[in-house]
Amino acid sequence: MVEHMLQVAERRLSIERILLLGIGLFLTACPFAFTQEEDEVADFKEDKWTLEMQPLKIRMVTPRIGLGKGKTYWYMVYSLENKTGADRNFYLSISGKSDRKKTYSDLFLPSVEKAIERQEDRPLWGKADKFKVLKDKSAGDRKFSYTRIKDGEKRLCVAVFNRFDPNAKNITIRVTGLSNDIEVISDSDGRTLLKERIRLLHLSRPGDEYEITNDSFKNLRTEWVKETTEVKFKDE
């Protein structure tokens, strides 16, 4: 039941991003200036906003109880802060890819999140909290799986991943949903494209697979990039 509700919510992601921007379904071609990389976010237009996200630590956890008992997971603790001047609805998605082409996604594992909170000795906002908000919504509102953050609010959050490849030296974490700096365009083939500003976190781990420790991965740098993806309307 839990997984089904999350899958339904995930399938509506592309549509939600458009609705949250107030663009609706009137999708037409529009000109844009392509920027591959931007170090600052100060060039946002006045009607654009971004949430501040700062990675704090990358560590491992091996739960002693629950669904993930005995397995090792990696997790990222990060801060999320709203300094935009108004409450915001957002849909955060976190994934990763190693230099060995292995991919990772932020997992829905409540028992593992609890183990991480015990290890960190503090409450952390994660997918389990997101699902609770979704569960508490009325049936009609569950299709909109965004989260609301108040103006001035700052959260300590966690993203949970399966164990990273011990042979990986570099991993890039991809974060979407931090900004409404999104454009909807149509290309010459009639495809609907979503062009958005995303956050990339570049991690590196020195040493070899036998030297992996809780703090092996270091945050080398972060950057904003513009990424273009095709919108897939699953309900059509």
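Residues numbered from 1 in each chain as written. Predicted model: local features only at pLDDT ≥ 70, side-chain atom pairs only at ≥ 80, totals over all residues. Heavy atoms only, no water.

Caption draft 1: Representation of the overall build of the protein. On a plain count of helices and strands, the protein comes out with four helices and twelve strands. In the protein, 74% of the contacts between residues at least 6 apart in sequence involve partners at least 24 apart. If you sum the accessible surface of the protein, you get close to 13,000 Å²; carbon and sulfur atoms cover 49% of it. (Helix = DSSP H or I, 4+ residues; strand = E, 2+ residues; numbered from the N terminus. Contact = heavy atoms within 4.5 Å. Areas by Shrake-Rupley, 256 points an atom, 1.4 Å probe, with all protein chains shown as cover.)

Caption draft 2: Spatial organisation of unusual backbone geometry. Positive phi is not limited to glycine here, since Lys 101 has a value of about 70°. Within the element layout of this structure, Lys 101 appears in the loop between strand E5 (93-98) and strand E6 (103-105). Since its relative accessible area comes to 63%, Lys 101 is described here as exposed. Within the chain, Asp 121 stands out as a residue other than glycine whose phi angle is a positive 60°. Take Asp 121: it is sitting in the loop between helix H3 (110-120) and helix H4 (127-136). For Asp 121, a relative accessible area of 70% translates into the label exposed. (Buried < 20%, exposed > 50% of the residue type's maximum accessible area, 1.4 Å probe, protein only.)

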